[in-house]
Amino acid sequence: TGDEAPGIYRAYISYEHPHTEVWPALDNGENVPDRVPFRNIEWDPVERLFRGDICWQEDYNTTWMGESMWHYEIKFDPKFIFILSGTCTRSNSEEPHQFGQDLVYVNAALESALRVIRETGTTTGEYLDVVRKWRLDGASDSTIHMLGEVSMRVLDDTFESMFDFNLYR
């Protein structure tokens, strides 16, 4: 919105999708907020590297699953289709979660981009070249599996979107 200072990023984790209701409540018994903002944000556009903190204790005066803060370091692929690598380090946990292994995220815009390629591409090979490129960009096996799942559903054209769109809030 227009009331933000220049250089202020609005990055957050969305818990808006109905499937997130399976997550436990915050440790004080309240529901997890729909959007949880990142704090202490750093962005390196050359490296496509994002750093930021989710501050449960600071922002909500409680912990979540015993954790007071999560620190994220996320490296995106060259086209921002998926998270290439990174970690989520939790305040009370020994080992961080690894993106591409424990955590796999793809851009929801991928679905519509693949539909355009499918509808305008002249050959199936052209479509498959896009899929092969992800491996060359460094996608992990788990990420390739997720990207392949989206691709197959787009090729099938008999499904509802597998993504949650939060564009109108």
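For the structure itself, look to the data block above.
Residues numbered from 1 in each chain as written. Predicted model: local features only at pLDDT ≥ 70, side-chain atom pairs only at ≥ 80, totals over all residues. Heavy atoms only, no water.

K.L.:
A description of the overall build of the protein should follow, citing residues and the corresponding values.
P.N.:
Along the protein, the regular secondary structure elements total four helices and seven strands. What you see in the protein, going N to C, is helices and strands ordered as β-β-β-β-α-β-β-β-α-α-α. Evaluated residue by residue, the protein yields a buried proportion of 31% over its 169 residues. Summarising the internal contacts of the protein: among those between residues at least 6 apart in sequence, 47% fall at separations of at least 24. Within the structure as shown, the protein displays about 10700 Å² of accessible surface, and the carbon and sulfur contribution to it stands at 52%. (Helix = DSSP H or I, 4+ residues; strand = E, 2+ residues; numbered from the N terminus. Buried < 20%, exposed > 50% of the residue type's maximum accessible area, 1.4 Å probe, protein only. Contact = heavy atoms within 4.5 Å. Areas by Shrake-Rupley, 256 points an atom, 1.4 Å probe, with all protein chains shown as cover.)

K.L.:
So what's going on with unusual backbone geometry? Which residues, and what values?
P.N.:
Positive phi outside glycine occurs at N40, with the angle close to 55 degrees. As for its placement among the helices and strands, N40 is situated in strand β3 (residues 39-44).

K.L.:
Any details on the sheet that holds strand β5 (residues 69-76)? Residues and values, ideally.
P.N.:
Taking strand neighbours across the sheet as the criterion, the five strands line up as β3-β4-β5-β6-β7 in an open arrangement whose pairing is antiparallel. The two strands at the open ends of the sheet, each matched to only one other strand, are β3 and β7 (97-98). Relative to strand β6 (residues 83-90), β5 runs antiparallel, the two being bridged by seven bridges. Note on β6: the bridge partner recorded for W70 is R90. (Pairing = 2+ DSSP bridges.)

K.L.:
Hey, could you go over the layout of surface pockets for me, with residue numbers and the actual values?
P.N.:
For the second largest pocket, the calculated volume is near 160 Å³. In terms of lining residues, the second largest pocket is bounded by Y15, E16, H17, T20, E21, W23, P24, A25, N31, V32 and D34. Of the residues assigned to the lining of the second largest pocket, the class counts are five nonpolar, three polar and three charged. (1 Å grid on protein atoms, 1.4 Å probe; cavity = no way out; pocket = protein on both sides within 12 Å on 5 of 7 lines; lining within 4 Å. Points joined across faces, edges and corners; volume = space filled by probe spheres on them. Nonpolar A, V, L, I, M, F, W, Y, C, P; charged D, E, K, R; others polar.)

K.L.:
Tell me about the pattern of salt bridges, and please be specific about residues and values.
P.N.:
Inspection of every chain in the model, using the stated rule, returns seven salt bridges. For K133, the salt bridge goes to D137, with nearest N and O atoms at 2.6 Å. Overlapping salt bridges, with partners in common, bring together E42, R51 and E73 in one network. (Salt bridge = Lys/Arg side-chain N within 4 Å of Asp/Glu carboxyl O.)

K.L.:
A description of a nonpolar patch on the surface should follow, citing residues and the corresponding values.
P.N.:
Taken together, the side chains of V22, W23 and M65 present a nonpolar region at the surface, about 340 Å² in accessible area. Here W23 shows up in the loop between β1 (12-14) and β2 (35-37). Residue classification places W23 among the partly exposed positions, given a relative accessible area of 44%. (Patch = residues over 30% accessible without salt bridge, like charges linked within 9 Å, V, L, I, M, F, W, Y side chains within 5 Å.)

K.L.:
Account for the environment of F76, with residues named and values stated.
P.N.:
Checked against the element boundaries, F76 lands in strand β5. If near-sequence neighbours (up to four positions away) are discounted, F76 is found in contact with W43, R48, F50, F82, I83 and L84.

K.L.:
Summarise the packing of aromatic side chains; cite the residues concerned and give the values.
P.N.:
Taken as a whole and assessed by the stated rule, the structure comprises 14 aromatic pairs. Between the aromatic rings of Y72 and F99, the centroid separation amounts to 6.2 Å while the plane-to-plane angle is 45 degrees, which identifies the pairing as tilted. Of this pair, Y72 sits in strand β5 while F99 sits in the loop between β7 and α2 (109-120), placing them 27 residues apart in sequence. As far as the burial class goes, Y72 and F99 line up, both buried. With a centroid separation of 5.8 Å and an interplanar angle of 50 degrees, the aromatic rings of F99 and Y105 are classed as tilted. Residue F99 is classed as buried on the basis of its relative accessible area of 6%. An aromatic cluster is defined as three or more aromatic residues linked by ring pairs; in this entry it consists of Y15, W23, F38, F50, W56, Y60, W64, W70, Y72, F99 and Y105. (Phe/Tyr/Trp six-rings, centres within 6.5 Å; stacked < 30°, edge-to-face > 60°.)

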